[in-house]
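Examining the three-dimensional arrangement
Chain by chain, the residues:
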Amino acid sequence: MNIPEATVQTPYRQVIEARAPSLSGSSGLRYAVLTDPGRSRVFLTILANEGGGNFNREIVAFDDIEEAIADQPADTPFGVKVFRVAFIGKSNNNAGFLAAALVHAGLLTPSTVKHQYLKTGDWPAFEADMLGRDTAEIFLFPPTLPEAAMAPAAALSTPDKPAKANRRGGNRLIPVETAPAVEEGGDADHP
């Protein structure tokens, strides 16, 4: 029996958890804004997706997000694919989910060109606000997995369900201990 290695968790401060509509408006996702414990950097992470799309659970530095669109001319719409460079994982949904969170946070807005967005809002003020917040919950990454996830694979499968059915959507349902969610509405265009 193979025993999984212990995973070292990195502590962050979670200053916001919110639900954002997807860019298409057909579902929603949960995201969090984090800072490092010393309050010197801001990060974003996607926590869950209500729709069917998978994504890579990773922490993305706000600096990397800004750098991804630094070369975009002012007042010129751009597609969400520019955010792919901010991620290590290669899921096609990462960039769109991040863009949905940024639209919800007021840092992007849909343009008149379909599937294109404009940088809006005061990014330095947003970053300063997140770093200056005193109230925050501890957020450990990667999150701890339920006991069942640590069991050997043979113990997880059931004879009446095919193994493939047990794989889908694994990254959408990882429980995360968080502060009460901030529910806000919003309208966004298609990804």
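Residues numbered from 1 in each chain as written. Predicted model: local features only at pLDDT ≥ 70, side-chain atom pairs only at ≥ 80, totals over all residues. Heavy atoms only, no water.

1. Quick word on the overall build of the chain
The following threshold applies: Note on conventions: DSSP H or I runs of at least 4 residues are helices, E runs of at least 2 residues are strands, and numbering of each starts at the N terminus. Here's how the labels work: a residue is buried when its accessible area is under 20% of the maximum for its type, exposed when over 50%, partly exposed in between, all with a 1.4 Å probe on protein chains only. Between two residues, a contact is recorded if the distance between any of their heavy atoms is within 4.5 Å. Surface accessibility follows the Shrake-Rupley procedure with a 1.4 Å probe radius. Residue values consider only the protein chains on display as shielding.
Scanning the chain from terminus to terminus reveals five helices and eight strands. For the chain, the α and β elements follow one another from N to C terminus as β-β-β-β-α-α-β-β-α-β-α-α-β. Residues counted as buried form 38% of the 191 residues belonging to the chain. Considering only contacts in the chain between residues 6 or more positions apart, those separated by 24 or more positions represent 60%. Carbon and sulfur atoms make up 54% of the accessible area of the chain, which amounts to about 10,900 Å² in all.

2. Looking at helix H2 (residues 93-104)
Three or four residues apart is the spacing at which side chains of an α-helix point the same way, because the helix has 3.6 residues per turn. The line we're drawing: By this rule the span expected of a helix is its residue count minus one, scaled by 1.5 Å.
Helix length check: H2 (twelve residues) gives 17 Å between terminal C-alpha atoms against 16 Å at 1.5 Å per residue, within 8%. Burial of H2 is extensive: eleven of the twelve residues sit out of reach of the surface. Asn 94, Ala 95, Gly 96, Phe 97, Leu 98, Ala 99, Ala 100, Ala 101, Leu 102, Val 103 and His 104 are the residues of H2 that are buried. Just downstream of H2, Gly 106 is the residue with a positive phi angle, here 85 degrees.

3. A word on the nonpolar core
As a rule of thumb, soluble globular proteins bury nonpolar side chains together. Put simply, the test is: Among buried residues, those of type Ala, Val, Leu, Ile, Met, Phe, Trp, Tyr and Cys that are joined through side-chain atoms within 4.5 Å constitute a nonpolar core.
With 37 residues, the main nonpolar core has Val 33, Phe 83, Leu 102 and Leu 108 as its most contacted residues. Of all elements in the fold, only strand S1 (10-21), strand S2 (28-35), strand S3 (42-49), helix H1 (62-68), H2 and helix H3 (123-132) reach the threshold of two or more residues within this core. A total of eight residues in this core trace back to one element, the largest contributor, which is H2. Contacts of Leu 102, omitting those with residues within four sequence positions, involve Leu 44, Ile 65, Phe 83, Leu 107, Leu 108 and Trp 123. If you look at the next biggest cluster of nonpolar residues, it comprises nine residues, including Tyr 12, Ala 32, Leu 47 and Phe 139.

4. Describing the pattern of salt bridges
For the record, the criterion: When a carboxyl oxygen of Asp or Glu is within 4 Å of a side-chain nitrogen of Lys or Arg, the pair counts as a salt bridge.
For the structure shown, the criterion picks out five salt bridges. Among the ionic pairs, Arg 133 bridges to Asp 129, the shortest N-O distance being 3.0 Å. Using a relative accessible area of 29% as the deciding quantity, one classes Arg 133 as partly exposed.

5. Topic: the environment of Asn 49
Quick note on the threshold: The term polar contact refers here to a pair of N or O atoms within 3.5 Å; inside protein, the definition further demands a hydrogen-donor-capable atom paired with an acceptor-capable atom, and it admits residues adjacent in sequence only when both atoms are side-chain atoms.
Among the secondary structure elements, Asn 49 is positioned in strand S3. On the accessibility criterion, Asn 49 (7% relative accessible area) is buried. In this structure the C-alpha to C-alpha distance between Asn 49 and Pro 21, which are 28 residues apart in sequence, comes to 9.8 Å. Side-chain polar atoms of Asn 49 contact the backbone nitrogen of Gly 51, separated by 2.9 Å.

6. Description of the pairing of S2
Residues in a regular strand point their side chains to alternate faces of the sheet. To be explicit about the condition: Should DSSP find at least two bridges between two strands, the strands are taken to pair.
Among the eight residues of S2, eight are classified as buried, and the element is accordingly described as predominantly covered. Here S2 shows no split at all, with Gly 28, Arg 30, Ala 32 and Leu 34 on one side and Leu 29, Tyr 31, Val 33 and Thr 35 on the other all buried. In the sheet, S1 pairs with S2 via eight bridges, with the strands oriented antiparallel. Across the sheet, Ala 20 pairs through a bridge with Leu 29, a residue of S2. Connecting S2 to the next strand, S3, in antiparallel fashion are six residues, including Arg 39 with a positive phi near 55 degrees.

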